[in-house]
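Chain and residue survey
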Amino acid sequence: WLSVAYCIDDEFFSQDNHRMKVGSFAMLCKTLVHYKTLKNALIVMLNFFNLILDDFYSELVVNGQYSKIQISYKNQLSPQQIAPVFGYETLLMLQHGIACWLVSRRIPVLVADFAYSEPSYNAEYQLMYSSELKFDQPYTSLSFETSYLQLAVLQNEQTVSDFIRQAPTNIVLKYKNISSFSATIRKTLRETPIQDWPDF
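Our subject in this report is the structure included herewith.

Cut-offs and rules
Residues numbered from 1 in each chain as written. Predicted model: local features only at pLDDT ≥ 70, side-chain atom pairs only at ≥ 80, totals over all residues. Heavy atoms only, no water. Helix = DSSP H or I, 4+ residues; strand = E, 2+ residues; numbered from the N terminus. Expected span 1.5 Å × (residues − 1). Buried < 20%, exposed > 50% of the residue type's maximum accessible area, 1.4 Å probe, protein only. Contact = heavy atoms within 4.5 Å. Axes fitted to C-alpha atoms, helices over the stretch in contact; angles between N-to-C directions. Parallel < 35°, antiparallel > 145°, perpendicular 65-115°, else oblique. Left-handed = near helix turned anticlockwise from the far one by under 90°. Nonpolar A, V, L, I, M, F, W, Y, C, P; charged D, E, K, R; others polar. Pairing = 2+ DSSP bridges.

This part takes up helix α3 (residues 38-52). Counted at 1.5 Å a residue, the expected span for α3 with its 15 residues is 21 Å, and the 21 Å between its end C-alpha atoms agrees. Buried within α3 we find Leu38, Ala41, Leu42, Met45, Leu46, Phe48, Phe49, Asn50 and Ile52. Those residues of α3 that are buried lie in contact with α2 (24-32), β1 (56-63), β2 (66-73), α4 (85-103) and β5 (140-145).

Right, let's get into the packing of α2 against helix α6 (residues 159-166). Contact geometry for α2 and α6: axes closest at 10 Å, N-to-C directions at 155 degrees. Viewed along their axes, α2 and α6 adopt a mutual orientation that is roughly antiparallel. Between α2 and α6 the crossing geometry is right-handed. Together, Phe25, Ala26, Cys29 and Lys30 of α2 and Val160, Phe163 and Ile164 of α6 make up the contact between the two elements. Classifying every residue of the contact of α2 with α6 gives six nonpolar, no polar and one charged.

Turning to the sheet that holds β2, a few remarks are in order. Hydrogen bonds between backbone atoms are what pair the strands of a sheet, whose relative direction is either parallel or antiparallel. Taken in spatial order, the five strands line up as β1-β2-β5-β3-β4 in an open sheet, and their pairing is mixed. The open sheet terminates on both sides in strands that have one partner only, identified here as β1 and β4 (133-134). One ladder, built from six bridges, connects β2 with β5; its direction is antiparallel. By the bridge assignment for β5, Gln70 is matched with Ser141. The strands touched by α3 within the sheet are β1, β2 and β5, with β1 carrying the most contacts at an inclination of about 155 degrees. Relative to the sheet, α4 contacts β1, β2 and β5, its axis offset from that of β2 by approximately 145 degrees.

Set out below in structure tokens:
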């Protein structure tokens, strides 16, 4: 991932007519930690991608109990052209990964829509996105509970350096907050013989 990005100086791997120059991802993350809520940070993040990329358009759609990050492809595809699947996948991975990191928890995707046909490796999509998948939709989007938008951004100028240094591993894999309270409990239980576990 990193080697290819550096070789072509494009962190979006030539999936758009405009390059996402190396360093764009780091600059974005360093900017987002200064916002108070996930909603504010998401709006800035999506606007950032719209500024950098020419062919993809991202937006936050809030509709009552549910919200979604929605991506459309601005160029009209002819019947002979193939949808830029890898571009969609990369953008979703970056956007969802950053969002989860900002609030230090995985944001469950309730429904994932895709503006292209179901790929042969669709089983991976259930691990990457959601068990509820819809293909050949007007837009590509990830839907989640609107309540997550009010979560506070928990990252800062100190934690962003570690995040950037570990990228892209920490966004390609499922987001895990290894220092969370629940993770600490699980670690303690794993290291303790079962007979020594406390009862309820």
